[in-house]
Amino acid sequence: MPRPDNPALIDTFGRVATDLRVSLTDKCNLRCTYCMPAEGLEWMPGADVLTDDELVLLLRIAVERLGITDIRLTGGEPLLRQGLEKIVERVAALEPRPRLSMTTNGIGLAKRAKSLADAGLDRINVSLDTVDRALFETITRRDRLSHVLAGMAAAREAGLDPVKVNAVLMRGLNEDQAVPLLKFCLAEGYHLRFIEQMPLDAQHGWNRGDMITAEEILGMLGEEFTLSPFPAARGGAPAERWLVDGGPGDVGVIASVTRPFCGACERTRLTADGAVRSCLFSNDETDLRALVRAGAREEEVADAWRATMWGKLAGHEINEAGFAQPIRPMSAIGG
């Protein structure tokens, strides 16, 4: 099917990508068991990572030429990117101004939440799988829970609202944390989202049987709380939401594996080394860094991005017999 003459990031299934997830680094200062081995990974060589100018150029192309309205900064751990505040300031100055958010593990956020908000960051997501200190250390291999909690409080104080919490539950590890996490988030005014564990670990050791499903999560929460469907339409949002005990608090579940939402996907992804991916689980990507470093015109770069998204598959195919886990782990793709 020939691609229509449309400047937006359209695909053959009628979807339009307006939400860009961009990884700033593949480095991380935690070693979560479901993400990477205890010894860590071999990080990208510094020369392979997009420079600040290359990164901002690609984001400007995305906003000005491709219709991107939302940009989420990810990693790895984005707080490890040198000059982060300046990057945020430059991206926030793009026209039309994109909504700008960041996903972080929260370590170091306490000292930087205000400066990030002042630079133009709008909102923050923090990854947190337990509020139990010993269990946090077991999962992350680091005793840093107090740092994460301080970072979340600082983000709230800086006006990075709503502070969202992303949690992954794993069988035999932290499956009993659903209720404590929700109680904590409701008390603190944070918005909790449970995410089904996905096959994106560096070890390629994902096992469907270890994954706590959306149905199980809702069942555990239902024993303690009354959940009712959230009144607003979901649209392209990944989380299904429920009001808790009539509201105003709510909880969401992102059921990427058991309840795929690929048909409404609005996302495109840019890795720290400048590769565009049409899907988190894709093994195909387009090297925009090479085009930029070769001096390609902006419209050439935009056309390469459009072509990548035009070829986006109907779904991630996790539940198909021939599914192959991406070669890059989550830390190298960007969440």
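Residues numbered from 1 in each chain as written. Predicted model: local features only at pLDDT ≥ 70, side-chain atom pairs only at ≥ 80, totals over all residues. Heavy atoms only, no water.

Asker: Would you take a moment to explain the overall build of the protein chain for this structure?
Answerer: Looking only at helices and strands, the protein chain has 10 helices and 14 strands in total. Counting the 335 residues in the protein chain, one finds 52% classified as buried. When contacts within the protein chain are restricted to residue pairs at least 6 apart in sequence, long-range pairs at least 24 apart make up 72% of them. (Helix = DSSP H or I, 4+ residues; strand = E, 2+ residues; numbered from the N terminus. Buried < 20%, exposed > 50% of the residue type's maximum accessible area, 1.4 Å probe, protein only. Contact = heavy atoms within 4.5 Å.)

Asker: What exactly am I supposed to notice about the state of the cysteines here?
Answerer: Per the stated rule, a full pass over the model turns up zero disulfides. Free of any disulfide, cysteine 28 has its nearest neighbouring cysteine sulfur in cysteine 32, separated by 6.4 Å. Residue classification places cysteine 28 among the buried residues on the basis of a relative accessible area of 18%. (Disulfide = S-S within 2.5 Å.)

Asker: Looking at this structure, I do not really get the UniProt feature "binding site: GTP" (unreviewed entry) in the protein chain. What am I missing?
Answerer: Mapped onto the present numbering, the UniProt feature "binding site: GTP" (unreviewed entry) falls on Arg21, Arg72, Thr103, Lys164, Arg267, Thr268 and Arg269. Note on placement: threonine 103 falls in strand β5 (residues 99–104). Take threonine 103: its relative accessible area is 15%, and that puts it in the buried class. Look past the residues within four positions of threonine 103 in its chain and what remains in contact with it is Arg72, Leu73, Thr74, Pro78, Asn125, Ser127 and Asn166. Among the polar contacts made by the side chain of threonine 103, one reaches the side chain of arginine 72 at a distance of 3.2 Å. By secondary structure assignment, the location of lysine 164 is in strand β7 (residues 164–167). Other than its neighbours up to four places away in sequence, lysine 164 contacts Arg123, Ile124, Asn125, Val126, His191 and Arg193. (UniProt positions renumbered as here; feature names shortened; annotations may be inferred. Polar contact = N/O pair within 3.5 Å; in protein donor to acceptor, adjacent residues only side chain to side chain.)

Asker: Sorry if this is basic, but what is going on with the side chain of arginine 289 here?
Answerer: Along the polypeptide, arginine 289 turns up in helix α8 (residues 288–293). Here arginine 289 sits buried without a salt bridge, and the closest side chain of opposite charge, aspartate 48, lies 4.0 Å off (N-O distance). Setting aside residues no more than four positions away along its own chain, arginine 289 makes contact with Asp48, Leu50, Asp273 and Gly274. (Lys, Arg positive; Asp, Glu negative; His and termini not counted. Salt bridge = Lys/Arg side-chain N within 4 Å of Asp/Glu carboxyl O.)

Asker: Looking at this structure, I do not really get the UniProt feature "binding site: [4Fe-4S] cluster 2" (unreviewed entry) in the protein chain. What am I missing?
Answerer: Those residues carrying the UniProt feature "binding site: [4Fe-4S] cluster 2" (unreviewed entry) are Cys262, Cys265 and Cys279 in this numbering. Spanning 18 residues, the named residues nonetheless gather at one spot, since no C-alpha pair among them exceeds 9.3 Å. For cysteine 262, the position within the fold is in the loop between β11 (250–254) and β12 (267–270). The class of cysteine 262 is buried, set by a relative accessible area of 17%. Mapped onto the elements, cysteine 265 comes out in the loop between β11 and β12. Excluding its chain neighbours within four sequence positions, the residues that come into contact with cysteine 265 are Arg15 and Lys312.

Asker: Explain helix α6 (residues 178–188) here, please?
Answerer: Because an α-helix completes one turn every 3.6 residues, residues spaced three or four positions apart along the sequence face the same direction. For α6, every residue scored as buried is listed here: Ala178, Val179, Leu181, Leu182, Phe184 and Cys185. For α6, the elements touching its buried residues are α5 (145–157), β7, β8 (191–195), α7 (214–222), β10 (240–244) and β11. Where α6 ends, the next residue or the one after it, glycine 189, has phi of about 80°, a positive value.

Asker: What is the right way to look at the sheet that holds β7 in this model?
Answerer: Remark on secondary structure: sheet strands pair via backbone hydrogen bonds, oriented parallel or antiparallel. A sheet is described by the order of its strands in space; here 12 strands give the open sequence β9-β10-β11-β8-β7-β6-β5-β4-β3-β12-β13-β14, paired in mixed fashion. Looking at which strands have only one partner, the edges of the open sheet turn out to be β9 (227–229) and β14 (286–287). In the packing of helix α2 (residues 84–92) onto the sheet, contacts are made with β4 (70–74) and β5, and the angle to β5 comes to roughly 155°. Packing of α7 onto the sheet brings it into contact with β8, β9, β10 and β11, and relative to β11 it is tilted by some 160°. (Pairing = 2+ DSSP bridges. Axes fitted to C-alpha atoms, helices over the stretch in contact; angles between N-to-C directions.)

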